[in-house]
Amino acid sequence: MSCHTFQMSRPEPGSARDLLELILGYGLIVFILWVPEFPQRILSPIALFVTLAIVLARRPSQHDLGVSRRGLARSWWIFPAALGLAITSLLVAKRIGTLHPLYRSDFKHVAGYILWTLYQQFLLNDYFMPRLMRLLGSKNAAIGMAAVLFAAAHLPNLPLTAATLVWGLISCALFYRYRNLYALGLAQGLLGLCFAVCVPDALHHHLRVGLGYLRYPR
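The sections below set out a description of the structure shown in this document. Within each chain, residues carry numbers counting from 1 in the order of the written sequence. Residues qualify for local features only when their pLDDT is at least 70, as the model is predicted, and side-chain atom pairs are given and counted only at 80 or more; totals for whole chains, interfaces and linings, by contrast, use all residues. Values shown for side chains rest on all heavy atoms present in the structure; no hydrogens or waters enter the calculation.

A few words now on a nonpolar patch on the surface. Each patch is built from residues that are more than 30% exposed by relative accessible area and take part in no salt bridge. Like charges join if they lie within 9 Å; nonpolar side chains (Val, Leu, Ile, Met, Phe, Trp, Tyr) join within 5 Å. Each accessible area is a Shrake-Rupley result for a 1.4 Å probe, and residues are judged covered by the shown protein chains and nothing else. Think of a salt bridge as a Lys or Arg side-chain nitrogen and an Asp or Glu carboxyl oxygen that are within 4 Å of each other. Residues Leu19, Ile23, Leu135, Leu136, Met145, Val148, Leu165, Val166, Leu169 and Ile170 make up a contiguous nonpolar surface patch of about 810 Å² in total accessible area. Looking at the nonpolar patch, the elements that each hand over two or more residues are helix H1 (16-33), helix H5 (107-136), helix H6 (139-152) and helix H7 (158-178). Mapped onto the elements, Leu136 comes out in helix H5. Every helix listed is a DSSP run of H or I at least four residues long, and every strand listed is a run of E at least two residues long, numbered separately from the N terminus.

This is the structure:
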């Protein structure tokens, strides 16, 4: 292993608690994505509190959570790389004629979306990955399964499901190496906004998933 890679302790064997927490967390998120908008607004903060409480109950360190300063210097390149990819995508979209304005480009909407992507990275790498690591006993298997779960939560939005499958694999591998939630959350936010303006709304329905995707006005 490279000297630039953080050494991680050998994961302890998975337990019934890990499996129950995995089912509870994922089931709660998927359930909320498939209820109407009004109860969704009420249940979303509850899901945030529940998943955060479950993670913090194990008393992880700031480094384990990816919120310490330890990984910042080594992962500095992630956001510029995402920015370069976004610029390239914008140029290509403009060339082929699919570039269009963001549905809601006000600061409140954009900032809220960035916070949402940070929370998604928390779920992916602080909630699901550790439990999958203990249950499956393999880093690669855990990364693959976490990416599949992450992508499946975006159904029936097939373009977004495909994109999040790829990003899920990449972001889990990067988190395992650098332990930096901030860089990954910001990069996902940037790439998500880029996806929204480069791919026609008719395909991704303003990045909606679950019931919201099906109820998108045609």
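After presenting the structure, the write-up continues.
So, on to the environment of Leu184. Inspection of the secondary structure puts Leu184 in helix H8 (residues 181-198). Think of it in three bands: residues with accessible area under 20% of the maximum for their type are buried, residues over 50% are exposed, and the middle band is partly exposed, with areas taken using a 1.4 Å probe on protein chains only. Since its relative accessible area comes to 0%, Leu184 is described here as buried. Residues Leu184 and Leu118, spaced 66 residues apart in sequence, show a C-alpha to C-alpha distance of 7.5 Å. If sequence neighbours within four positions are ignored, Leu184 has contacts with Ile78, Gln121, Asn125, Trp167, Ser171, Leu174 and Phe175. In what follows, residue pairs with any heavy atoms lying within 4.5 Å of each other are defined as contacts.

Right, let's talk about H6 for a bit. Across its 14 residues, H6 extends 20 Å between first and last C-alpha, which sits within 8% of the 20 Å expected from 1.5 Å per residue. Taken together, the buried positions of H6 are Ala142, Ile143, Ala146, Ala147, Leu149, Phe150 and Ala151. Polar contacts, as counted here, are pairs of nitrogen or oxygen atoms within 3.5 Å of one another; within protein the pair requires one atom able to donate a hydrogen and one able to accept it, and residues that are adjacent in sequence qualify only if both atoms are side-chain atoms. One side-chain oxygen at the N-terminal end of H6 lies 3.5 Å from the backbone nitrogen of Asn140; it belongs to Ser138. Helix span, expected: 1.5 Å multiplied by one less than the number of residues in the helix.

With 19 residues, helix H4 (residues 78-96) should cover 27 Å at 1.5 Å per step; its first-to-last C-alpha distance of 27 Å lies within 8% of that length. What H4 keeps buried is the set Ile78, Ala82, Ala86 and Ala93. The arc that holds every buried residue of H4, seen down its axis, measures 70 degrees, which confines them to one face. Opposite the buried face of H4, by more than 90 degrees, sit the exposed residues Leu91, Lys94 and Arg95. Where H4 is buried, its residues meet H7 and H8. In this context, the arc is that of the directions from the helix axis out to the C-beta atoms.

Okay, the side chain of Asn157 next. Along the chain, the position of Asn157 falls in the loop between H6 and H7. Exposure remark for Asn157: the relative accessible area of 0% places this residue in the buried category. Residues within four places of Asn157 in sequence aside, it is in contact with Leu203, His204, Leu207, Arg208, Val209 and Tyr213.

So, on to the environment of Ala173. Note that Ala173 resides in helix H7. Ala173 sits 30 residues away from Ile143 along the chain, and the two C-alpha atoms are 6.9 Å apart.

On to the nonpolar core, then. Counting residues in hydrophobic clusters, the biggest one holds 46 residues, and the most contacted among them are Ile78, Leu123, Phe128, Met129 and Leu132. Listing elements by their share of this core, those giving two or more residues are H1, helix H2 (37-56), H4, H5, H6, H7 and H8. For this core, the element with the highest residue contribution is H5, accounting for 11 residues. With sequence-adjacent residues up to four places away left out, Leu132 is seen in contact with Leu22, Gly137, Ala142, Met145, Ala146 and Leu149. Definition of nonpolar core: a set of buried residues of the types Ala, Val, Leu, Ile, Met, Phe, Trp, Tyr and Cys, connected through side-chain atoms within 4.5 Å. Of all hydrophobic cores here, the second largest spans five residues; its members include Ala93, Cys194, Val197 and Cys198.

Here a pair means two rings of Phe, Tyr or Trp (six-membered ring of Trp) with centres within 6.5 Å. Their orientation is stacked below 30 degrees between planes, edge-to-face above 60, and tilted elsewhere. In the structure shown here, the tally under the stated rule is five aromatic pairs. Note on Trp116 and Tyr119: the rings are 5.8 Å apart at their centroids and 35 degrees apart in plane angle, and the pair reads as tilted. Of this pair, Trp116 and Tyr119 both sit in helix H5, three residues apart, roughly one helical turn. When its relative accessible area of 12% is taken as the criterion, Tyr119 is described as buried. Centre to centre, the rings of Tyr127 and Phe128 are 5.1 Å apart; their planes meet at 70 degrees, and the pair counts as edge-to-face. Following the ring pairs from residue to residue traces out a cluster consisting of Tyr26, Tyr127 and Phe128. When the ring centre of Tyr127 is taken as origin, the NZ or CZ atom of Arg131, which lies over that ring, is 4.6 Å away. Put simply, a charge is over a ring when the Lys NZ or the Arg CZ is close to the ring centre, within 6 Å, and near the line of the ring normal, within 35 degrees.

Interpretation note: all reported values are geometric properties and have no functional meaning in isolation.
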